[in-house]
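Architecture and fold: a report
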Amino acid sequence: NKQKRLRDAAIMAAEADKVKVVKAAEASADAAQLQGEGIARQRRAIIDGLRDSITHGSQESLSTEKVSELLLITQYFETLRDIAAQSKAQTVFLPHSASAVSDVASQIRGGVMGKRK
């Protein structure tokens, strides 16, 4: 009788551990989803802000390609900032000129369009 209670207690403890692991995984997945949604809203706001600040006071509109390029430039500079702030490397060599940003944009566009084929 004592052995059965010990076995039942061990089974219940194992099931409790399983529930903890499953709930932790679900919480992590939910957090990642919410983070992704937040990033998407942030990018949407950046795009809208860029579009509004550039076309403010004029009747011109920006093409989707130009807005995408502006977003890529913004992300490029954010990446440089993050590398400088968080990297443990002493030196990072990056092509950095006005044409380098355009080259990066065309490479990303080429990579995305190439994968659609």
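Criteria and thresholds
- Residues numbered from 1 in each chain as written.
- Predicted model: local features only at pLDDT ≥ 70, side-chain atom pairs only at ≥ 80, totals over all residues.
- Heavy atoms only, no water.
- Helix = DSSP H or I, 4+ residues; strand = E, 2+ residues; numbered from the N terminus.
- Buried < 20%, exposed > 50% of the residue type's maximum accessible area, 1.4 Å probe, protein only.
- Contact = heavy atoms within 4.5 Å.
- Areas by Shrake-Rupley, 256 points an atom, 1.4 Å probe, with all protein chains shown as cover.
- Salt bridge = Lys/Arg side-chain N within 4 Å of Asp/Glu carboxyl O.
- Expected span 1.5 Å × (residues − 1).
- Axes fitted to C-alpha atoms, helices over the stretch in contact; angles between N-to-C directions.
- Left-handed = near helix turned anticlockwise from the far one by under 90°.
- Nonpolar A, V, L, I, M, F, W, Y, C, P; charged D, E, K, R; others polar.
- Polar contact = N/O pair within 3.5 Å; in protein donor to acceptor, adjacent residues only side chain to side chain.
- pLDDT = per-residue confidence, 0-100.

Moving on: the overall build of the protein chain. Of the regular secondary structure elements, the protein chain holds three helices and zero strands. Tracing the protein chain from N to C terminus, the helices and strands come up as α-α-α. Counting all 117 residues of the protein chain, 7% fall into the buried class. Restricting the contact set of the protein chain to residue pairs at least 6 apart, pairs at least 24 apart contribute 47%. Accessible surface, the protein chain: about 9,800 Å² in total, of which carbon and sulfur atoms supply 57%.

Let us look at the pattern of salt bridges. Side chains bearing opposite charge may pair, as long as their charged atoms lie close to each other. Counting across every chain of the model gives four salt bridges. Among the salt bridges present, the one from D8 reaches K4, with a minimum N-O distance of 3.2 Å. One end of the pair is D8 and the other is K4, both in helix α1 (residues 2-55) and four residues apart, which spans about a single turn. Of the residues examined, D8 reaches a relative accessible area of 32% and is grouped as partly exposed. Residues E26 and K23 are paired through a salt bridge, measuring 3.5 Å at the closest nitrogen-oxygen approach. One end of the pair, E26, and the other, K23, are both in helix α1, three residues apart, so they sit about a helical turn from each other. Accessibility expressed as a relative area gives 39% for E26, which makes it partly exposed. Residue classification places K23 among the exposed residues on the basis of a relative accessible area of 51%.

Another aspect to go through is helix α2 (residues 64-86). Along its 23 residues, α2 runs 32 Å from first to last C-alpha, staying within 8% of the 33 Å computed at 1.5 Å per residue. Residues V67, L71, L72 and Y76 constitute the buried set of α2.

A rise of 1.5 Å per residue sets the reference length of α1, with its 54 residues, at 80 Å; its end C-alpha atoms lie 79 Å apart and thus fit the reference within 8%. Note on α1: the residue one or two positions beyond its end, G57, has a positive phi of about 80°.

So, on to the packing of α1 against α2. In contact at an axis separation of 10 Å, α1 and α2 are set at 115° when each is read in the N-to-C sense. By crossing handedness, the relation of α1 to α2 is classed as right-handed. Where α1 approaches α2, its residues R43, I46, I47, L50, R51 and I54 are matched on the opposing element by V67, L70, L71, T74, Q75 and E78. Residue classes in the contact of α1 with α2 are distributed as seven nonpolar, two polar and three charged.

Checked against the element boundaries, T55 lands in helix α1. At 2.6 Å, the side chain of T55 forms a polar contact with the backbone oxygen of R51. What T55 contacts, discounting residues up to four positions off in sequence, is E60, S61 and L62.

Quick look at the confidence of the model for the protein chain now. Caution applies to low-pLDDT parts of the model: their predicted coordinates are not meant to be read in detail. Chain-level pLDDT for the protein chain is 83 on average; 86% of the residues reach the 70-or-more range. Mean pLDDT across the secondary structure elements of the protein chain bottoms out at helix α3 (residues 98-116), with 69, and peaks at α1, with 93.

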